[in-house]
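# Examination of the molecular architecture
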Amino acid sequence: IAGITQAPTSQILAAGRRMTLRCTQDMRHNAMYWYRQDLGLGLRLIHYSNTAGTTGKGEVPDGYSVSRANTDDFPLTLASAVPSQTSVYFCASSDSGETGELFFGEGSRLTVL
Amino acid sequence: RKEVEQDPGPFNVPEGATVAFNCTYSNSASQSFFWYRQDCRKEPKLLMSVYSSGNEDGRFTAQLNRASQYISLLIRDSKLSDSATYLCVVMVTGRRALTFGSGTRLQVQP
């Protein structure tokens, strides 16, 4: 069982470039999330989607966009990358219940120079 | 002020020791509480939920004090494999997503 797959696992990017981080899940979970993790700040929510066709803003949405065309895929796009977007990005999903269990991908380490 | 605050540590303890972590949350609308574990350069994984009456899972005990708005995690008989970062997590009423603390790092030494 794959669970959640993120790609790329690591990327170095020049400032100003456009970048899409991919996230795919095979658990048929309705809800999906993008978090970024920075030292000392923990995991912060960027965007989320409660179900296919809907998205919402999290705590730190500026500079990022998402789409949810179907249940399985939830890509995160940086339209014009800046150095402050250097971080580790985690995609996660959860089922419809409020069990509190998020299933995370292995993360995408992004460096913007 | 962060919604979920934790002592970053590190907590360095010998094998077999008992160690406790505390976490405070500021949003009184927080309804559900959890501890996640994150190994170095890995993704977070659910360790246990925290119930109002307190709950235990093997060597791990979690407690919730709603009046004081803090959550604790106790680890007994620490193992080397317990070395990780422990994330305190809350779910606020009306929000679907979880709010994470920045984590407490535990290093168990032989």
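Structure shown above.
Remember, it's a predicted structure, so these values are computed and weren't measured experimentally.

## A few points about the pattern of salt bridges
In the structure shown here, the tally under the stated rule is seven salt bridges over all chains. Three or more residues joined by partner-sharing salt bridges are found here, namely A:Arg36, A:Asp38 and A:Arg44.

## Some remarks on the state of the cysteines
Residue and element names in this part refer to chain B. Overall, the coordinates contain two disulfides over all chains when judged by the stated rule. Between Cys 23 and Cys 88 runs a disulfide, and the two sulfur atoms are separated by 2.0 Å. Residues Cys 23 and Cys 88 are joined through a disulfide that is left-handed, its torsion about the S-S bond being -70°. Placement of Cys 23 in strand β3 (residues 19–25) and of Cys 88 in strand β9 (residues 84–92) is noted, with a sequence separation of 65 residues between them. For the pair Cys 23 and Cys 88, one class covers both residues: buried.

## Looking at the interface of chain A and chain B
At the junction of the two partners, chain A supplies 23 residues and chain B supplies 19 residues. Contact between chain A and chain B buries roughly 1700 Å² in total, counting both sides, with carbon and sulfur atoms accounting for 53%. Applying the counting criterion to the chain A and chain B interface returns zero salt bridges. Of all the secondary structure elements, the ones that give two or more residues to the side of chain A that touches chain B are β4 (31–38), β5 (42–49) and β9 (87–94) of chain A. With four residues, β4(A) is the single largest residue contributor to the side of chain A that touches chain B.

## Side note on the sheet that holds strand β7 (residues 64–66) of chain A
Residues and elements named next belong to chain A. Spatially, the four strands line up as an open sheet ordered β1-β3-β8-β7, and their pairing is antiparallel. The outermost strands of the open sheet, each flanked by one partner alone, are β1 (4–7) and β7. Between one strand axis and the next, the sheet turns by 15° as a mean value, whatever way the strands run. As defined by bridge partners, β1 adjoins strand β3 (residues 19–25) across four bridges and the pair is classed as antiparallel. By the bridge assignment, Ile 4 is partnered in β3 with Gln 25.

## A closer look at the nonpolar core
Membership of the largest hydrophobic core comes to 24 residues, with the highest contact counts inside it found for B:Phe21, B:Trp35, B:Ile71, B:Leu73, B:Ile75, B:Tyr86 and B:Leu106. Elements that contribute at least two residues to this core include exactly β3, β4 (30–38), β5 (44–50), β7 (60–65), β8 (70–75), β9 and β11 (104–109) of chain B. It is β9(B) that contributes the most residues to this core, five residues altogether. Sequence-distant contacts of B:Ile71, that is, excluding residues within four places in its chain, are made with B:Phe21, B:Asn22, B:Cys23, B:Tyr25, B:Phe33, B:Trp35, B:Val50, B:Gln63, B:Leu64, B:Cys88 and B:Val90. A:Met19, A:Cys23, A:Val66 and A:Phe74 belong to the second largest nonpolar core, which has 19 residues in total.

## Digging into the environment of B:Val4
Residues and elements named next belong to chain B. Summarising the element assignment, Val 4 is placed in strand β1 (residues 4–6). C-alpha separation for the pair Val 4 and Ser 52, spaced 48 residues apart in sequence, amounts to 18 Å. Those residues within four positions of Val 4 in sequence are excluded, and the remaining contacts are Cys 23, Thr 24, Tyr 25, Cys 88, Val 90, Thr 99, Phe 100 and Gly 101.

Criteria and thresholds
- Residues numbered from 1 in each chain as written.
- Chains lettered and ligands numbered in written order.
- Predicted model: local features only at pLDDT ≥ 70, side-chain atom pairs only at ≥ 80, totals over all residues.
- Heavy atoms only, no water.
- Salt bridge = Lys/Arg side-chain N within 4 Å of Asp/Glu carboxyl O.
- Disulfide = S-S within 2.5 Å.
- Helix = DSSP H or I, 4+ residues; strand = E, 2+ residues; numbered from the N terminus.
- Buried < 20%, exposed > 50% of the residue type's maximum accessible area, 1.4 Å probe, protein only.
- Contact = heavy atoms within 4.5 Å.
- Buried area = accessible area lost by both parts, 1.4 Å probe.
- Pairing = 2+ DSSP bridges.
- Axes fitted to C-alpha atoms, helices over the stretch in contact; angles between N-to-C directions.
- Core = buried A, V, L, I, M, F, W, Y, C linked by side-chain atoms within 4.5 Å.

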